[in-house]
Amino acid sequence: MELLEILECSPPLTREPLDSEQAAGIARVFKALGDPVRLRILSIVASRAGGEVCVCDITDAFELSQPTISHHLKVLKEVGLLTSERRASWVYYRLVPETLGELSALLTLPASGPVTGPAAAVAVSR
């Protein structure tokens, strides 16, 4: 099952538990976001005016080799957070807003009604 399909059919965590396939797919996205370099790459792309960034600009932002940056970009593409387009000799990267929206919806707490259980303990401790 594709990641976006898993996210689209996943209910918010506060509504019902995920099944094992949904949890495994979503965990792949969070694992990708758990790397500081990949998180920075995502923020570079997300904050760029026009919504896309040339790979040359991403590479210039780090003191890492081009193959290492390419690996991180590949991981972000594989989990559905980025998409790319080749133009002549350069590749341009864009966010996949649907994936971020689905992750956001997955983690959203209900606006009405009391939160109970472990979520309530976290909310109170903040």
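Values in this document were obtained by computation on a predicted structure and should not be read as measured data.

The rules we used
- Residues numbered from 1 in each chain as written.
- Predicted model: local features only at pLDDT ≥ 70, side-chain atom pairs only at ≥ 80, totals over all residues.
- Heavy atoms only, no water.
- Helix = DSSP H or I, 4+ residues; strand = E, 2+ residues; numbered from the N terminus.
- Buried < 20%, exposed > 50% of the residue type's maximum accessible area, 1.4 Å probe, protein only.
- Contact = heavy atoms within 4.5 Å.
- Polar contact = N/O pair within 3.5 Å; in protein donor to acceptor, adjacent residues only side chain to side chain.
- Phe/Tyr/Trp six-rings, centres within 6.5 Å; stacked < 30°, edge-to-face > 60°.
- Lys NZ or Arg CZ within 6 Å of the ring centre and 35° of its normal.

*Asks:* Just checking my understanding: could you explain unusual backbone geometry for this structure?
*Replies:* What is expected of a backbone is that most residues other than glycine have negative phi and most peptide bonds are trans. For Ala-88, which is not glycine, the phi dihedral falls at a positive 55°. Relative to the assigned elements, Ala-88 resides in the loop between strand S2 (82-87) and strand S3 (90-95). Given the relative accessible area of 74%, Ala-88 is considered exposed.

*Asks:* Hey, could you run me through the environment of Ser-84 in this one?
*Replies:* Assignment of secondary structure puts Ser-84 in strand S2. Setting aside its immediate chain neighbours within four residues, Ser-84 contacts Lys-77, Val-91, Tyr-92 and Tyr-93. Of the polar contacts made by the side chain of Ser-84, one reaches the side chain of Lys-77; its length is 2.6 Å.

*Asks:* Just to check I follow, could you spell out the packing of aromatic side chains for this structure?
*Replies:* For any pair of aromatic rings, the description consists of the separation of the ring centres together with the inter-plane angle of the planes. Evaluation of the coordinates by the stated rule reveals zero aromatic pairs. Here the basic side chain of Arg-87 rests over the ring of Tyr-92, its NZ or CZ set 4.4 Å away from the ring centre.

In short, the description is geometric, and any link to function would need to be established separately.
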